[in-house]
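# Per-entry structural report
Chain by chain, the residues run as shown.
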Amino acid sequence: MIKLVVFLSNNIKGYERTRHNVAKMLFDRFESQNLSVKFHSQHKKIGRPIFIAPLSFMNNSGIAVSEAVSFYKLKDDEILVVHDDAEIDLGAVKIEKGGPLRGHNGLRSIKDRIGSDNFFRMRIGIGRPKRGELRSHVLSAFSKDEEIPLETALEKAEEEIRKLL
């Protein structure tokens with residue numbers, strides 16, 4: 001049973017509508033009267049599970065996750081981490097347990113801090129750049145043409161998470 005949902009992003013002003021923040025866009029879709037700051041994260045308690053969106057840069061997400069895991073005494077298989085994924089097409093949503101980190105520094109930070117990569121992941125596809133480097137791609141905003149597949153992905157992801165509530 002999932003007890004903690006982590007929404008990875010660069011939760012910093014100026015990154016709000018970038019590809020790397022697709023998980024934060026999803027976090028913001030869930031309304032809560034109980035929004036607070038806890039564990040270096042925005043924290044929403046909507047019943048079960050608990051939602052957090054780390055307030056750090058993506059590469060330091062493990063700090064917030066490890067604090068929440070320690071406080072709630074969670075096992076790695078009680079965690080769902082929602083993140084962007086350039087390895088799958090824009091608009092696709094995949095859920096898996098464990099597996100390779102695929103170069104995602106937010107996932108690496110979590111693995112390093114909690115000592116395991118055996119948590120569940122919700123991968124939201126942002127696609128690979130047609131040209132240019134990946135770093136620029138993930139930090140860029142979605143184009144107008146990408147808004148429809150983005151919205152479709154967010155709806156699919158929201159529906160999957162609502163099933164957990």
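So, here is what we can say about the structure in this document.

Before going further, it helps to spend a moment on unusual backbone geometry. The phi dihedral of Lys73 is positive, around 55°, even though this residue is not glycine. Considering the arrangement of structural elements, one finds Lys73 in the loop between α2 (61–72) and β5 (79–85).

Moving on, we get to the sheet that holds strand β1 (residues 4–7). Ordered by their spatial adjacency, 7 strands build an open sheet running β2-β3-β4-β1-β5-β7-β6, and the pairing between neighbours is mixed. Two strands in the sheet have a free side with no partner beyond their single neighbour: β2 (36–38) and β6 (93–97). Taken pair by pair, the neighbouring strands of this sheet meet at an average axis angle of 25°, ignoring direction. Pairing geometry for β2 and strand β3 (residues 41–45), over 3 bridges, is antiparallel. Residue Lys38 lies in a different strand from β3, and its bridge partner there is Ser41. Contacts from helix α5 (residues 147–164) reach β1, β4 (50–54), β5, β6 and β7 (120–125) within the one sheet, and its direction differs from that of β7 by about 160°.

What counts as what
- Here the residue numbering is sequential within each chain, running from 1 through the sequence in written order.
- At least 70 in pLDDT is required for a residue's local features to be given in this predicted model, at least 80 for side-chain atom pairs to be given and counted, and no such filter applies to totals for whole chains, interfaces and linings, which use all residues.
- In computing side-chain values, all of the structure's heavy atoms are included and hydrogens and water are not.
- Only DSSP runs of H or I reaching four residues or more are called helices, and only runs of E reaching two or more are called strands; each is numbered from the N terminus.
- Pairs of strands are assigned from DSSP output, requiring at least two bridges between the strands.
- The axes used here are C-alpha line fits, helices contributing only the stretch in contact, and every angle between their N-to-C directions lies in the interval 0 to 180 degrees.
- Pairs of residues are marked as contacts when any of their non-hydrogen atoms sit within 4.5 Å.

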